[in-house]
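Observations on the model geometry
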Amino acid sequence: MTAVPCDNLQCTKDHTDAFLDWMRGKGKGLIIIHDYPDPDSLASAMALRHLLTMKLNRDSVIAFSGMISRSENIAMVRELEIFLTPLEVVNIDDYSMVCMLDTQPGTGNNSLPPDVKVDLVIDHHPIRESSRECRWVDIREEYGASATILYEYLVAQNVSIGTKLATALFYAIKSETQDLGREAGRADRNAYLHLFPLTNKKLLYEITQPRLPQTHFRTMHLALMNTLIFDNLLVIKMGKIGTPEVVAEMADYLMRLEGVDVVMSMGRYHGVLILSMRTTRHDLNAGELMKKLVVGQGTAGGHGMTAGGKIDPVSPSPATFHRLEDSLTQQLLDDMGISHSTARALINDR
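Residues numbered from 1 in each chain as written. Predicted model: local features only at pLDDT ≥ 70, side-chain atom pairs only at ≥ 80, totals over all residues. Heavy atoms only, no water.

**As for the nonpolar core**
How we decide: To define a nonpolar core, start from buried Ala, Val, Leu, Ile, Met, Phe, Trp, Tyr and Cys residues and group those joined through side-chain atoms within 4.5 Å. Buried residues are those whose accessible area, probed at 1.4 Å on protein chains only, stays under 20% of the maximum for their type, while exposed residues exceed 50% and partly exposed ones sit between those limits. Elements are defined by DSSP. Helices are runs of H or I of four residues or more, strands are runs of E of two residues or more, and each kind is numbered from the N terminus. Contact between two residues is taken to exist if any of their heavy atoms lie within 4.5 Å; hydrogens are not considered.
Formed by 53 residues in total, the largest nonpolar core has its most connected members in M23, L48, M76, L169 and L195. The element best represented in this core is helix 2 (residues 39-56), accounting for nine residues. The residues touching M76, leaving out its near neighbours within four places in the chain, are P39, L42, A43, E81, I82, A168, Y171 and I207. Among the nonpolar cores identified, the runner-up in size contains 26 residues, and V235, M266, L275 and A307 belong to it.

What follows is the structure, encoded as C-alpha cells:
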C-alpha cells in the first residue's frame, strides 16, 4: 500500500505523478462509486475520469449499483451529463485497473465483488483494514468531501476545470458539508471558494431546486407522522420506503428541529433496513455510535457528525420489523444515557 496523508500541493503532486505513471502502461480503467451514489461520489468520479483522460488520454467507465432517485441527484446527472454504467452489466475482467471513490473495499455500501483487487482508493471516510491491501491509497479523514481531494488532484496536475466539472465539484462540497457548516476544513473552504466563480449558476439552480414528485411529499408526511422525540434525540421510523436515499434526506431535514442534537432515521427497502444518523454534538461520534448499533447484524460507517448503516436482511413480517425498530431505538437510548426519557410524538394528530 502507498498511503498518502497529503496536506500540501507538492505532496498531492508527487502522489498523483506516481499513480499516473503506474497507470500509463495499463488499459481501460473502471471507477467504482458507492451504491445509490450521492453528489460527492458522482462529482469525484467525474473529476477522476477527466484527470485520466487529460493526462493519459484514456477513457474510464464510472459504475455503480442501486439507483439514483433523489431529485437533486437526478438533476445533477442530467444537467452535468455524467455518464454512468450499472455495475451489474460490467465485465470487470475487461479492465486493467480498478479505482474506488468515496467508498472502500468491504464497507458494505458498494457492490464490488470481494475477490476483485482494487488498485486506487480515494476517500474521506475512516480507513478500513481492507484498503491497506490496495496499491494506491489516499484517505483524508480531515476533509469534508472526497470531491475536495479530486479538486486538489486537478490543481496539482495543472488540469483545466470546465464549467460543468466545476459545478459538479462545487455542488458536491456544498452538499456534503452543508455549505461548509458540517465537517468542513481549510481544504474544503479553499476548494469551495475557488470553484464557485467557475460554476454555471443556472445549472446550479436547476440542481438545487428541482421539481419534486407528489410521492416525495407523501413520504415526508408519513415520516413526520412517525417521528418520536426523546429529550435531545429524534427517531424517525419510516417503515417501508420507495428509495433508500430518503432516509438520509429526512435525517438532514429534521436535524434542524429546535432542541434536537441527534437524529436517527430508519426505513425498510427491499428487505434491507437502511439507517442514517446526524448529530451536532462534538462529544459524540456518529460513525462509532452507528457501528455499535448494528454490530453483529449489519454494516456501518461515517464521521463524527454523519453516519449510515444497514441491516441485511430483515424479516418481511411487520411485527418483527417493528420489534427491530424498537430494539434499535432502545439500544441508542441506552448508549446515549437517556433510557429514562419518555417518547413524545413530533406531530400529535389529536
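**Considerations on the pairing of strand 7 (residues 136-139)**
Condition: Pairing between two strands requires that DSSP report at least two bridges joining them.
Of the two faces of strand 7, the one holding W136 and D138 and the one holding V137 and I139 are both buried throughout. As paired strands, strand 6 (residues 120-123) and strand 7 are joined by four bridges and run parallel to one another. Of the residues in strand 7, the one forming a bridge with D123 is I139.

**Details of the sheet that holds strand 8 (residues 227-230)**
Here is the rule we go by: Only the contacting stretch of a helix is used when fitting its axis, a line to C-alpha atoms as for every element, and angles between N-to-C directions run 0 to 180 degrees.
Pairing is mixed in the open sheet, where seven strands are placed in the order 12-13-11-10-9-8-14. In this open sheet, the two strands that pair with only one neighbour each are strand 12 (298-302) and strand 14 (344-345). Two elements, strand 12 and strand 13 (residues 306-311), share five bridges in a ladder whose sense is antiparallel. Each bridged residue has a counterpart across the sheet, and for A300 the counterpart in strand 13 is G309. Along the sheet, helix 9 (residues 245-254) contacts strand 8, strand 9 (233-240), strand 10 (262-269) and strand 11 (272-279); its crossing angle with strand 11, the most-contacted strand, is approximately 25°.

**Thoughts on the side chain of D102**
Short version of the rule: Charged-residue counts in this description rest on Lys and Arg as positive and Asp and Glu as negative, His and the chain ends being excluded. By definition, a salt bridge exists where a carboxyl oxygen of Asp or Glu is found within 4 Å of a side-chain nitrogen of Lys or Arg. Polar contacts here mean pairs of N or O atoms no more than 3.5 Å apart (in protein, one a potential hydrogen donor and the other a potential acceptor; neighbouring residues in sequence count only if both atoms are side-chain atoms).
Mapping D102 onto the fold places it in the loop between strand 5 (97-101) and strand 6. For the buried residue D102, which engages in no salt bridge, the nearest side chain bearing the opposite charge is R182, 10 Å off. Polar contacts involving the side chain of D102 include one to the side chain of H124, which spans 3.5 Å. Of note is the side chain of D102, whose polar atom sits 2.9 Å from the side chain of S146. Dropping the residues within four chain positions of it, D102 is found in contact with H34, D38, D40, S41, I122, D123, H124, H125 and S146.

**Thoughts on unusual backbone geometry**
Omega for the bond connecting D312 with P313 falls within 30 degrees of zero, at 0°, which places this linkage in the cis form. Of note, P313 is situated in the loop between strand 13 and helix 11 (318-335). Within the chain, N57 stands out as a residue other than glycine whose phi angle is a positive 55°. By the secondary structure assignment, N57 is in the loop between helix 2 and strand 3 (60-64). For N57, a relative accessible area of 70% translates into the label exposed. One non-glycine residue, E183, lies in the positive phi region at around 55°. The topology assignment puts E183 in the loop between helix 5 (163-176) and helix 6 (186-195). The class of E183 is partly exposed, set by a relative accessible area of 25%.

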